[in-house]
Amino acid sequence: MTILCLSSYFKGNRFLETCKREGCRVILLVRETVLAEPWARESCDEVHALPSLFDRRSVLNAVSYLARTREIDRIAPLDDYDVEMASTIREHLRIPGMGETTARYFRDKLAMRERCRDRDVPVPEFVHAVNDDRIARFLRDVPPPWVLKPRSAANSFGIRTFAEAEPLLKTIDELGDERAGHLLERYVAGDVCHVDAVVAHGEVILAEPHRYRRPLMDVAKGGGIFATRTLPRDSPEALEMLEMHRSVVRHFGLRHGVTHMEFIRGREDGRLYFLETAARVGGAHIYDMVEAATGVNLWEEWARLEILQGTKPYAPPEARRDYAGVIVALARQEHPDTSPFADPEVVKRIDRKHHIGLVLRASSPGRIEELLERYEARIAADYLTTMPEAPPTH
């Protein structure tokens, strides 16, 4: 079997290694700017690059040219930005896997919200930022603050918050033709949580509930320390979130793959709201945290599911039920010394220039919480630096 993997950013070596270990011929197609990164080239039979993986015609032409002399059986996106392109190629070459309609539910925030609203899954009030009358009614009926979001950007890129209508309307007007690519929604203050899961044959096989110590949007906008951890799995909070996650997976039509799905618990009303989801492995070393807690590597399981596509039964690995956390921050040191963090619960030290990061594992969630509290204070005092938010590079 030949699998073509797309990636606009450097990530997914475990995916590539798993495909090769499973006996696949692996073709890697990346953006030219990341071609020199340390890809797992020993697991790749071919590596190709294009100036961009967002130019639909160029990518289709390039992959179709490769297909003249190669029988491509699977297409896999390694980055969130490549999910839609992978679905487009599958549709064009009639290759099994997620098609364009389903992919929109995992990339387009407006499509996500409309689907959830139609299926009675709670979401913050929203409106497509395209029609003047509908926007005016929204601003009249929904109290500020409001959040303006790009429909297809990943993470917190391009999100802006407004407390007054005049600057918001001015910003929407300045977007010009791009305004249709945005949505407007009520800002909900609260704790942001996420579920990271494995799905096979439309059923959730493994799902781990987590909560960020600070909302990711706050970290992206203002800098600071990113941290998240496993929630007590049998707590009412976790059980409600896991049930909503299963409902969204079913309504969005994911058959085989992984999900990273985010929710928020409203501080004022106590309700749980769906925020967004992605058909990919969660970033910021969340996959390392899941592996620390369960022993399951989400990249490896995703690769296996992409290869199988339901043609054979999927045998999930047995999962542990430990608890884990991850903490990551920009560091002013090029190679920060993490030796002061000497507790036995530290199971991984993230090696990346100007970053400090630790993955923790313990038998109780309380111990993880205690360590993250202590480590956060130490990192803030001895390592932390900040930089302005970078715009998406595509």
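Higher on the page you've got the structure.
Remember, it's a predicted structure, so these values are computed and weren't measured experimentally. (Residues numbered from 1 in each chain as written. Predicted model: local features only at pLDDT ≥ 70, side-chain atom pairs only at ≥ 80, totals over all residues. Heavy atoms only, no water.)

Enquirer: Can you walk me through the pattern of salt bridges in this structure?
Expert: In this structure the tally under the stated criterion is 40 salt bridges. Two residues, Arg151 and Asp108, come together in a salt bridge whose shortest N-O distance is 2.6 Å. Taken together, the residues Arg151 in the loop between strand 6 (146-150) and strand 7 (160-162) and Asp108 in the loop between helix 4 (100-105) and helix 5 (109-118) connect sequence positions 43 residues apart. Comparing Arg151 with Asp108 shows no difference in burial state: the two are buried. As a salt-bridge pair, Glu334 and Lys353 come within 3.5 Å of each other at their nearest N and O atoms. One end of the pair, Glu334, is in the loop between strand 14 (323-330) and strand 15 (346-349); the other, Lys353, is in the loop between strand 15 and strand 16 (355-362), with 19 residues separating them in the sequence. Classification of Lys353 by relative accessible area gives exposed; the value is 53%. Among the charged side chains, a salt-bridge network with shared partners connects Asp80, Glu84, Arg104, Arg107, Asp108, Arg151 and Arg280. (Salt bridge = Lys/Arg side-chain N within 4 Å of Asp/Glu carboxyl O. Helix = DSSP H or I, 4+ residues; strand = E, 2+ residues; numbered from the N terminus. Buried < 20%, exposed > 50% of the residue type's maximum accessible area, 1.4 Å probe, protein only.)

Enquirer: I would appreciate a short explanation of the packing of aromatic side chains in the present structure.
Expert: Aromatic ring pairs are defined here through the distance separating the ring centres and the angle between the ring planes. Across all of its chains, the model carries 13 aromatic pairs by this definition. A centroid spacing of 6.1 Å and a plane angle of 85° characterise the contact between Phe54 and Tyr81, whose relative ring orientation is edge-to-face. Taken as a pair, Phe54 in the loop between strand 3 (46-50) and helix 2 (56-67) and Tyr81 in the loop between strand 4 (74-77) and helix 3 (83-93) lie far apart in primary sequence, 27 residues in all. Residue classification places Phe54 among the partly exposed positions, given a relative accessible area of 27%. Under the relative-accessibility criterion, Tyr81 is labelled buried at 7%. Judged by centre distance (6.3 Å) and plane angle (80°), the ring pair of Phe263 and Phe274 falls under edge-to-face. Pair noted here: Phe263 is in strand 12 (residues 257-266) and Phe274 is in strand 13 (residues 272-278), with a separation of 11 residues, a long-range link. Across the pair, exposure class does not vary: Phe263 and Phe274 are buried alike. Here a set of aromatic residues connected by ring pairs shows up, and it is made of Tyr105, Phe106, Phe252, Phe263 and Phe274. Of note, Arg378 hangs over the ring of Phe341, and the distance from its end group to the ring centre comes to 5.0 Å. (Phe/Tyr/Trp six-rings, centres within 6.5 Å; stacked < 30°, edge-to-face > 60°. Lys NZ or Arg CZ within 6 Å of the ring centre and 35° of its normal.)

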